[in-house]
Amino acid sequence: MTSAMRKLSISVPPDVAERLERESNASAYITQAVRDRMRLDALDAELAHQGIQITEQGVAEARARRAVVEADWSPERRRALRERARQHTVDAAASGTVDKAAA
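Note that this is a predicted model, so its numbers are computed, not measured. (Residues numbered from 1 in each chain as written. Predicted model: local features only at pLDDT ≥ 70, side-chain atom pairs only at ≥ 80, totals over all residues. Heavy atoms only, no water.)

Student: Can you walk me through the overall build of the chain in this structure?
Tutor: Each helix and strand in the chain was counted, giving four helices and zero strands. Moving toward the C terminus, one meets the helices and strands of the chain in the order α-α-α-α. Its C-alpha atoms give the chain a radius of gyration of 18 Å, clearly above 13 Å, the size a compact globule of 103 residues would have. With respect to the three principal axes, the spread of C-alpha positions in the chain is 45 × 35 × 35 Å. Split into buried and exposed, the 103 residues of the chain put 3% on the buried side. Counting every atom, the chain has about 9,500 Å² of accessible surface; 56% of that belongs to carbon and sulfur. Where the 17 positive side-chain charges of the chain centre and where its 16 negative ones centre are 4 Å apart. (Helix = DSSP H or I, 4+ residues; strand = E, 2+ residues; numbered from the N terminus. Rg over C-alpha atoms; globule rule 2.2 N^0.38 Å. Buried < 20%, exposed > 50% of the residue type's maximum accessible area, 1.4 Å probe, protein only. Areas by Shrake-Rupley, 256 points an atom, 1.4 Å probe, with all protein chains shown as cover. Lys, Arg positive; Asp, Glu negative; His and termini not counted. Charge placed at Lys NZ, Arg CZ, Asp CG, Glu CD.)

So this is what it looks like as structure tokens:
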């Protein structure tokens, strides 16, 4: 059974339009992008509920600390970590343990 779909007409800047034109299914691409943003918004709301405020300054400081750590990573380590994360996602999906709210 397919869920009900609604057709929308949107206006986007030229750079976004060019990117969407390269997609075989722009609707699916947009849907995934919006769902990703919805998950981030839900995370922000949960963090705020727990008394944790995310600020631009805090994000900038965290990115700077991460950049310092990552600067010492070899290309092999980066590839290994990406592969490990990808395999974890594949394994979780195969076992049905993926959080339905995050999927």
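Student: What exactly am I supposed to notice about the layout of surface pockets here?
Tutor: Vacant regions in the atomic arrangement are exposed by a probe of water-molecule size rolled over the atoms. Estimates place the volume of the largest pocket at around 490 Å³. Residue lining of the largest pocket: S3, A4, M5, R6, K7, L8, I10, A26, S27, I30, T31 and R35, and that is the complete set. Grouping the amino acids of the lining of the largest pocket by side-chain chemistry returns six nonpolar, three polar and three charged. (1 Å grid on protein atoms, 1.4 Å probe; cavity = no way out; pocket = protein on both sides within 12 Å on 5 of 7 lines; lining within 4 Å. Points joined across faces, edges and corners; volume = space filled by probe spheres on them. Nonpolar A, V, L, I, M, F, W, Y, C, P; charged D, E, K, R; others polar.)

Student: Explain the environment of D91 to me, please; I cannot follow it from the model alone.
Tutor: Within the secondary structure, D91 is located in helix α4 (residues 75-95). Here D91 falls in the partly exposed class, since its relative accessible area comes to 42%. As for D91 and S27, which are separated by 64 residues in sequence, their C-alpha atoms are 27 Å apart. Looking at D91, its side chain comes within polar contact range of the side chain of Q87, at 2.7 Å. (Polar contact = N/O pair within 3.5 Å; in protein donor to acceptor, adjacent residues only side chain to side chain.)

Student: What exactly am I supposed to notice about the side chain of E70 here?
Tutor: Within the secondary structure, E70 sits in helix α3 (residues 56-71). In this structure the side chain of E70 is engaged in a polar contact, spanning 2.6 Å, whose partner is the side chain of R66.

On their own, these measurements won't tell you what the molecule is for.
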